[in-house]
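Listed here are the chains, written in short residue letters.
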Amino acid sequence: EPYGPDARTTGMRRAGLTVRGKPTEQASCTGPRTDATVIEASLTDPAAFATVFDRHAAVIHRYLARRGGRQVADDLVAETFVAAFASRTRYDVRHPDARPWLYGIASNMLARHRRAEQRSLRIVQAVASDPTAPAGIATARARSRAAAAP
């Protein structure tokens, strides 16, 4: 499985976060430190956020893979944790478990990904149906539009 306790440093690097070799806790939010306390601690020690990744990356990956496929999940799980890290100051610490928050972020990432795919497909179809555009130019034009689409 690509996201488990052994994939910590690889996954954190993929997510754009750094790990400083600190030991991690058990992959459970029922232990002495809840996700809320870990996220709160990460405000002063960003490396502490690695614990949230360790606890939930595998389940978030499975959630995304069931909805978008494994390849999409590989990319979006990293984006999910980058977004969670960036917005950790807005996390409501009254909720001890971060999973619902992470599922929401992952769902938004998947919806954004699907919208981008749909835009790209519409652009390619529009250019492909243009009888005046030479094949090479039409393909290049479609690629540049797809890349520029937000």
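See the structure printed just above.
Rules and cut-offs
- Residues numbered from 1 in each chain as written.
- Predicted model: local features only at pLDDT ≥ 70, side-chain atom pairs only at ≥ 80, totals over all residues.
- Heavy atoms only, no water.
- Helix = DSSP H or I, 4+ residues; strand = E, 2+ residues; numbered from the N terminus.
- Contact = heavy atoms within 4.5 Å.
- Areas by Shrake-Rupley, 256 points an atom, 1.4 Å probe, with all protein chains shown as cover.
- Phe/Tyr/Trp six-rings, centres within 6.5 Å; stacked < 30°, edge-to-face > 60°.
- Buried < 20%, exposed > 50% of the residue type's maximum accessible area, 1.4 Å probe, protein only.
- Axes fitted to C-alpha atoms, helices over the stretch in contact; angles between N-to-C directions.
- Parallel < 35°, antiparallel > 145°, perpendicular 65-115°, else oblique.
- Left-handed = near helix turned anticlockwise from the far one by under 90°.
- Nonpolar A, V, L, I, M, F, W, Y, C, P; charged D, E, K, R; others polar.

Draft legend 1. Focus on the overall build of the chain. Across its full length, the chain carries six helices and zero strands. Helices and strands appear in the chain in the N-to-C order α-α-α-α-α-α. Restricting the contact set of the chain to residue pairs at least 6 apart, pairs at least 24 apart contribute 62%. In the form shown here, the chain has an accessible surface area of approximately 8,800 Å², with 54% of it arising from carbon and sulfur atoms.

Draft legend 2. Spatial organisation of the packing of aromatic side chains. Overall, the coordinates contain four aromatic pairs when judged by the stated rule. Their ring planes at 75° and their centres at 5.5 Å tell us that phenylalanine 49 and phenylalanine 85 sit as a pair that is edge-to-face. With a gap of 36 residues between them, phenylalanine 49 in the loop between helix H2 (35-42) and helix H3 (50-68) and phenylalanine 85 in helix H4 (residues 70-86) connect regions that are remote in the sequence. For the pair shown, phenylalanine 49 and phenylalanine 85 are each scored as buried.

Draft legend 3. Structural detail: the packing of H3 against helix H5 (residues 99-128). Running from amino to carboxyl end, H3 crosses H5 at an angle of 40°, the nearest separation of the two axes being 10 Å. Looking at the two axes, H3 sits oblique to H5. Here H3 and H5 pass one another in a crossing that is right-handed. In this structure, H3 contributes Val52, His56, Val59, Ile60, Tyr63, Leu64, Arg67 and Gly68 to the contact, and H5 contributes Arg99, Leu102, Tyr103, Ala106, Ser107, Leu110 and Arg114. Classifying every residue of the contact of H3 with H5 by side-chain character gives nine nonpolar, three polar and three charged.

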